[in-house]
Amino acid sequence: MSNTIKRIGVMTSGGDSPGMNDAIRAVARSCAYYKIPCVGFYRGFQGMIEGDYVEMDARSVRNIISRGGTILKSARSKEFLTAEGRQKAADNLKKAEVDAMILIGGDGTFRGGKIFSEEHNIPVIGVPGTIDNDIFGTHYTIGYDTALNTVVDAIDKIRDTASSHNRLFFVEVMGRDAGFIALNSGVGAGAEEILLPEENLGLERLLVSLERSRNSGKMSSIVVVSEGDKIGKNVFELAEYVTKNLPDYDSKVTVLGHIQRGGSPSCFDRVLASRLCVKAVELLLEGKKDLMVGFVNNQIESCTLESALKEKHDINLDLLRISDILST
């Protein structure tokens, strides 16, 4: 291991996701193992700008392994978008004697970290923490598995009511630009239709599918809708359209919202966060910088922040075909 790095900082930024606390824990304890001081910055880049940080050791992260959210808090910083704001952050890192940063978050976090590193020559390593799973360079992001299980559990409960009252439920899940949650939870929960930003299936196809389900003897149905779906302006308008054209259906809407971000992380997310962040610390100690750690083919790999930002993590649209077959 290199002795260039003397002190490592860690922060969480953007939307919170289950497993962020496990990531913070892994950074702090890896630093303790390698005898490198660790500093945690509150509220992401804004905490760096304000010099709002706390010294972290192995004991300061005890009993957080099962907690959702992030003990370091999270925020989006408009000030960090300016050169002046980034200069303040760099000055505060220097005062805190922090030589390198581990950034836990999504593409906005990585974009800010890349610019900051280029301007001030401070090594950064990105760790993908977002329930959307839309980051290139990793098959899974921290929090995605927990969010999926939360959604499937909710849909299972909604189906009980749908079956009891012969209703059609539209269930909106998170995913403004990516349909990973909708697609996989839809297949996992046995939804009759899944609507995604990546694939505009059209209103007529939806009507035909629902009518076919009704004619086959199904008295209730579940349609999982990603919030970024392009068919209607919103899920409520979509439900109104279906009710108008298929009056035999009693349509209801459930928006799961921020419940998907909360809760105790799954075992998978705890292990993933631990593996990614141990590797992040080790990369910094090896003199590496401007990389993102990811989970690829059951191995921990790394790619440049630039490729993580420029490339696209493609969704497996073959799952739509599988969903069509299984919803017969």
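Relevant structure appears above.
Rules used throughout
- Residues numbered from 1 in each chain as written.
- Predicted model: local features only at pLDDT ≥ 70, side-chain atom pairs only at ≥ 80, totals over all residues.
- Heavy atoms only, no water.
- Axes fitted to C-alpha atoms, helices over the stretch in contact; angles between N-to-C directions.
- Helix = DSSP H or I, 4+ residues; strand = E, 2+ residues; numbered from the N terminus.
- Parallel < 35°, antiparallel > 145°, perpendicular 65-115°, else oblique.
- Left-handed = near helix turned anticlockwise from the far one by under 90°.
- Contact = heavy atoms within 4.5 Å.
- Nonpolar A, V, L, I, M, F, W, Y, C, P; charged D, E, K, R; others polar.
- Buried < 20%, exposed > 50% of the residue type's maximum accessible area, 1.4 Å probe, protein only.
- Disulfide = S-S within 2.5 Å.
- Core = buried A, V, L, I, M, F, W, Y, C linked by side-chain atoms within 4.5 Å.
- Pairing = 2+ DSSP bridges.

Caption draft 1: Inspection of the packing of helix α7 (residues 203-215) against helix α8 (residues 235-245) at higher detail. One way to put it is that α7 packs onto α8 with a least axis distance of 11 Å and a crossing angle of 55 degrees. Considering their axes alone, α7 and α8 lie oblique with respect to each other. Between α7 and α8 the crossing geometry is right-handed. For the pair α7 and α8, contact is made by Leu-203, Glu-204, Leu-206, Leu-207 and Leu-210 and by Leu-238, Tyr-241, Val-242 and Asn-245, respectively. For the contact of α7 with α8, a count of residues per class yields seven nonpolar, one polar and one charged.

Caption draft 2: Molecular detail of unusual backbone geometry. Located in the positive-phi region is Asn-121, a residue other than glycine, with phi close to 55 degrees. By the element assignment, Asn-121 lies in the loop between α4 (107-120) and β5 (124-128). Look at Asn-121 and you get exposed, because its relative accessible area is 56%. The backbone of Asn-297 sits at a positive phi, close to 50 degrees, despite the residue not being glycine. Relative to the helices and strands, Asn-297 resides in the loop between β10 (291-296) and β11 (299-304).

Caption draft 3: Main features of the state of the cysteines. As enumerated under the stated definition, the model contains zero disulfides in all. Just so you know, Cys-31 is unpaired, no disulfide at all, and the nearest cysteine sulfur is the one on Cys-38, 4.3 Å from it. Free of any disulfide, Cys-277 has its nearest neighbouring cysteine sulfur in Cys-31, separated by 10 Å.

Caption draft 4: Region of interest: helix α6 (residues 180-188). Taken residue by residue, α6 has Phe-180, Ile-181, Ala-182, Leu-183, Ser-185 and Gly-186 as its buried positions. Along its buried surface, α6 packs onto α5 (144-165), β6 (167-173), β7 (193-195), β8 (221-226) and α11 (318-326). Positioned one or two residues after α6, Gly-190 has a phi angle of 70 degrees, which is positive.

Caption draft 5: Structural view of the nonpolar core. The biggest cluster of nonpolar side chains holds 35 residues, and the ones touching the most others in it are Ile-8, Val-10, Val-27, Met-56, Ile-102, Ile-104 and Val-127. Secondary structure elements with two or more residues in this core: β1 (8-12), α1 (20-33), β4 (100-105), β5, α9 (267-285) and β10. Tallying contributions element by element places α9 first for this core, with nine residues. Excluding anything up to four places from it in sequence, Ile-102 contacts Ile-8, Gly-9, Val-10, Met-11, Val-27, Ile-125, Val-127, Ala-280, Val-281 and Leu-284. One finds Ala-147, Leu-148, Val-151 and Val-171 within the second-largest nonpolar core, a separate group that totals 28 residues.

Caption draft 6: The arrangement of the packing of α1 against α9 in detail. Viewed as axis vectors pointing N to C, α1 and α9 meet at an angle of 40 degrees, and their least axial separation amounts to 8 Å. By the criterion of interaxial angle, the relationship of α1 to α9 is oblique. Considering how the two elements wind past one another, α1 and α9 form a crossing that is right-handed. Contact with α1, carried on its side by Asp-22, Ala-23, Ala-26, Val-27, Ser-30 and Cys-31, involves Arg-270, Ala-273, Ser-274, Cys-277, Val-278 and Val-281 of α9 and no other residues of that element.

Caption draft 7: View of the side chain of Ser-30. You can see Ser-30 is positioned in helix α1. Those residues in contact with Ser-30, other than ones at most four positions away along the chain, are Cys-277, Val-278 and Val-281.

Caption draft 8: Region of interest: the sheet that holds strand β2 (residues 38-41). Strand order in the open sheet formed by seven strands is β3-β2-β1-β4-β5-β10-β11, with mixed pairing between adjacent strands. Of all strands in the sheet, those with a lone pairing partner are β3 (53-56) and β11, marking the two edges. Adjacent strand axes in the sheet meet at a mean angle of 25 degrees when their direction is disregarded. Relative to β4, β1 runs parallel, the two being bridged by five bridges. Residue pairing across strands places Val-10 opposite Ile-102, the latter belonging to β4.

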